[in-house]
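A closer look at the structure
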2 protein chains.
Amino acid sequence: MTHNTEQNPTFVRYEHPLNERVRTYLRFESLLSQLHGSRQLEQKGNAQLFFKSLFDILELLDQIQIKADLLKDLDKQRSKLKQWLDYDNVDQSMLSSLLNDISSKHKALLAVPRLGQSLREDRFLCAIRQRFSIPGGSCSFDLPGLQHWLYASQNKRDSDIQRWVDDLSPLTAALDLWLRLVRDTGVKHNVVAKQGFYQDDAPDAELLLLEVPATSNAYPVVSGHRSRFAIRFTPFDEAQDVAPSLPFTLTRC
Amino acid sequence: MTHNTEQNPTFVRYEHPLNERVRTYLRFESLLSQLHGSRQLEQKGNAQLFFKSLFDILELLDQIQIKADLLKDLDKQRSKLKQWLDYDNVDQSMLSSLLNDISSKHKALLAVPRLGQSLREDRFLCAIRQRFSIPGGSCSFDLPGLQHWLYASQNKRDSDIQRWVDDLSPLTAALDLWLRLVRDTGVKHNVVAKQGFYQDDAPDAELLLLEVPATSNAYPVVSGHRSRFAIRFTPFDEAQDVAPSLPFTLTRC
């Protein structure tokens, strides 16, 4: 979940996946970022968030085979980039370093037999996992073993956390790289929604990035089918209407 | 979830409810503390934690009628304390201020027709609540309305949060007071678990508080029936045994 750290932001950024694969990628990206953001347990509440994120990731890994899709997508990016080899006006050293980066992350991801397997088999994580799916079910009296662990030495906790996070790092690294490559391809356009509505084509695009003026009382609801998409701006405060003409920026990535 | 903020804590504190009512109270206390601890949304991850806590509280309120129990328990405390009125060696002004405090919190809780009702009816909260029960289901593209709200002005967000938290304040205040009164009644005893086992009586006690040396490799699993309870210390690291003689402190509250 992105959130506002500025006092008065000019734009609200919305990202929308245009297919199921990318929807999954963004879901994992969001949980992995939450996991990394909460690993400093000294901050109150972080322990809850850290374990909740970890178990949500395991839950998604059980439901979704992300590895095969991501390997295929990295391969496609590599093929695309290889077309630029030997072009004079392309920085060849940057290109080859990028290709190496893709190769090494592809290889590392491919080498994992089953993503999250050692987390699934971790005795401590197994013992506490189930309680985290119960609303308010992970109190200290529900999980005295977790309470013991939370009072363990900083060293012990840091090394456990590092091991758990490391287990997901081939996924994290491959996902971050692919999303960065895709996001970097986008070109930003200034467009206008009329009567709160905008539609267009996005052939070959994976996701849309929108920047909507923060002063507008509307948020975009995106629907898409294949390469065609439609954006309907919905008033946040129902008492107010959406402006008949609403400018925003649109980036197809 | 209590957690370690000290570098080298001497004791690990465990609290264990001795009946279903207090189990519920501690569950609410833990969620309410998580709610208050995460209301500063500027800290990354707090928005997830804040709304998750809020919706978990609503879920529990739907399942459990805490209000009637808590009113009865406050009444009992009031009756107990009234026995000390007119005792010479009791600070009468402190006692009467405490009795007033109980009365006002009892009255405020009694006055709420249905706990959390305005949260259940809040249009914005309704719109986002369901996605929070899905693992990884509350990404920005799942909830563009939430994304819009997260970028709203600090004032707007603060006043919304204040309103939501205020709606639960009669519960929070009554619960905090009752738990404080109960916790204050306990007397700490030094005891020893033999072969990892300790049992005893706790007539009229609501909860147990244990302090176990942080250096011990064991955490307590408490089981209790009526006024009798048993504590079995379980090794955290299975390769190590629990000390044959394990001193700890026990407070019956």
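Here the structure is a predicted model, which is why all the values come from computation and not from measurement. Along each chain, numbering runs from 1 in the same order as the chain's sequence is written. Note on labels: chains are lettered from A, ligands numbered from 1, in written order. Selection of residues for local features in this predicted model requires a pLDDT of at least 70, selection of side-chain atom pairs for listing and counting requires 80 or more, and totals for whole chains, interfaces and linings are taken over all residues. With hydrogens and water stripped out, all remaining heavy atoms of the structure feed into the side-chain values.

Think of it this way: any DSSP run of H or I at least four residues long counts as a helix, any run of E at least two long counts as a strand, and we number them from the N terminus. Per the secondary structure count, chain A includes 9 helices and 7 strands. With the C-alpha coordinates aligned to their principal axes, the bounding extent of chain A is approximately 60 × 60 × 30 Å. Relative accessibility under 20% of the residue-type maximum defines a buried residue, over 50% an exposed one, and the middle range a partly exposed one, all with a 1.4 Å probe and only protein chains included. Relative to its full complement of 253 residues, chain A shows a buried share of 51%. The long-range fraction of contacts in chain A, counting pairs at least 24 apart against all pairs at least 6 apart in sequence, stands at 73%. Taken as a whole, chain A presents about 12,400 Å² of accessible surface, with 50% of it coming from carbon and sulfur. Contacts were defined at the residue level, with two residues in contact if any of their heavy atoms lie within 4.5 Å. Note that accessible areas follow from Shrake-Rupley with a 1.4 Å probe, and for residues the cover is restricted to the protein chains shown.

Residue ranges for the domains trace back to a domain assignment, done automatically or taken from a database. Partitioning chain A into domains gives domain 1 (19-182) and domain 2 (186-252). Inter-centroid distance (C-alpha atoms) of domain 1 of chain A to domain 2 of chain A is 30 Å.

Before going further, it helps to examine the relation of the copies chain A and chain B. Rotating chain A by 180° about the axis while translating it 0.0 Å along that axis superimposes it on chain B, leaving an RMSD of 0.0 Å. Between the two chains, the operation in question is that of a two-fold axis. Across chain A, the smallest distance between a C-alpha and the rotation axis is recorded for A:Leu49, namely 3.3 Å. Residues below a pLDDT of 70 in either copy are left out; the C-alpha atoms of the rest, at least 70 in both, set the least-squares superposition of the copies.

It is worth spelling out the packing of aromatic side chains at this point. In this scheme Phe, Tyr and Trp rings, the latter by its six-membered ring, pair at centre separations within 6.5 Å, and the angle between planes marks the pair as stacked below 30 degrees, edge-to-face above 60, and tilted otherwise. Per the stated rule, a full pass over the model turns up 36 aromatic pairs over all chains. Ring centres of B:Trp84 and B:Tyr87 lie 5.4 Å apart, and the angle between their planes is 65°; this geometry places the pair in the edge-to-face category. With a relative accessible area of 43%, B:Tyr87 lands in the partly exposed category. Centre to centre, the rings of B:Phe233 and B:Phe248 are 5.1 Å apart; their planes meet at 65°, and the pair counts as edge-to-face. You can see B:Phe233 sitting in strand E6 (residues 228-235) and its partner B:Phe248 sitting in strand E7 (residues 245-252), a full 15 residues away along the chain. Its relative accessible area of 2% is what places B:Phe248 among the buried residues. Members of the aromatic cluster, joined through ring pairs, are A:Phe50, A:Phe51, A:Phe55, A:Phe124, A:Phe132, A:Trp149, A:Trp164, B:Tyr219 and B:Phe236.

Looking now at helix H8 (residues 154-167) of chain A. One less than the residue count of a helix, multiplied by 1.5 Å, gives the span that helix is expected to have. An ideal rise of 1.5 Å per residue puts 20 Å on 14 residues; H8(A) measures up with 20 Å between its terminal C-alpha atoms. Packing partners of the buried residues in H8(A) comprise helix H1 (20-37), helix H2 (46-63), helix H5 (117-121), helix H6 (123-129), helix H7 (144-150) and helix H9 (169-184) of chain A.

To continue, consider unusual backbone geometry. All names here are of chain B. Look at Asp86: it is not a glycine, yet its phi comes out positive at around 70°. Classification of Asp86 by relative accessible area gives exposed; the value is 72%. The phi torsion at Gln195 lies on the positive side, around 50°, for a residue other than glycine. By secondary structure assignment, the location of Gln195 is in the loop between strand E2 (187-194) and strand E3 (197-201).

What follows covers empty space enclosed by the protein. For each structure, a 1 Å grid was placed over the protein atoms alone; sets of points admitting a 1.4 Å probe that cannot get out are labelled cavities, open sets with protein on both sides within 12 Å along at least five of seven lines are labelled pockets, and lining residues have an atom within 4 Å of a point. Grid points are joined across faces, edges and corners, and a volume is the space filled by probe spheres set on the points. Counted by the stated rule, this structure contains 3 cavities of 30 Å³ or more. In this model, the largest cavity occupies a volume close to 310 Å³. Around the largest cavity, the lining is made up of 29 residues, and of these A:Gln48, A:Lys52, B:Leu49, B:Lys52 and B:Asp56 lie nearest the centre. Only H1 and H2 of chain A together with helix H1 (20-37) and helix H2 (46-63) of chain B provide two or more residues apiece to the lining of the largest cavity.

This part covers the interface of chain A and chain B. Listed as interface residues are 63 residues of chain A and, on the opposing side, 64 residues of chain B. By convention, the term buried area covers the 1.4 Å-probe accessible surface removed from two parts as they join, with the contributions of both added. Taken together, the two surfaces of chain A and chain B that pack against each other cover about 5,700 Å², and 60% of this comes from carbon and sulfur. By convention in these notes, a salt bridge is any Lys or Arg side-chain nitrogen within 4 Å of a carboxyl oxygen on Asp or Glu. Summed over the shared surface of chain A and chain B, the result is 6 salt bridges. The shortest N-O distance in the salt bridge between A:Glu238 and B:Arg123 comes to 3.2 Å. Polar contacts here mean pairs of N or O atoms no more than 3.5 Å apart (in protein, one a potential hydrogen donor and the other a potential acceptor; neighbouring residues in sequence count only if both atoms are side-chain atoms). There are 13 residue pairs in polar contact (both at pLDDT 80 or more) connecting chain A and chain B. For the side of chain A that touches chain B, the secondary-structure elements that each account for two or more residues are strand E1 (11-17), H1, H2, H6, H7, H8 and strand E5 (218-225) of chain A.

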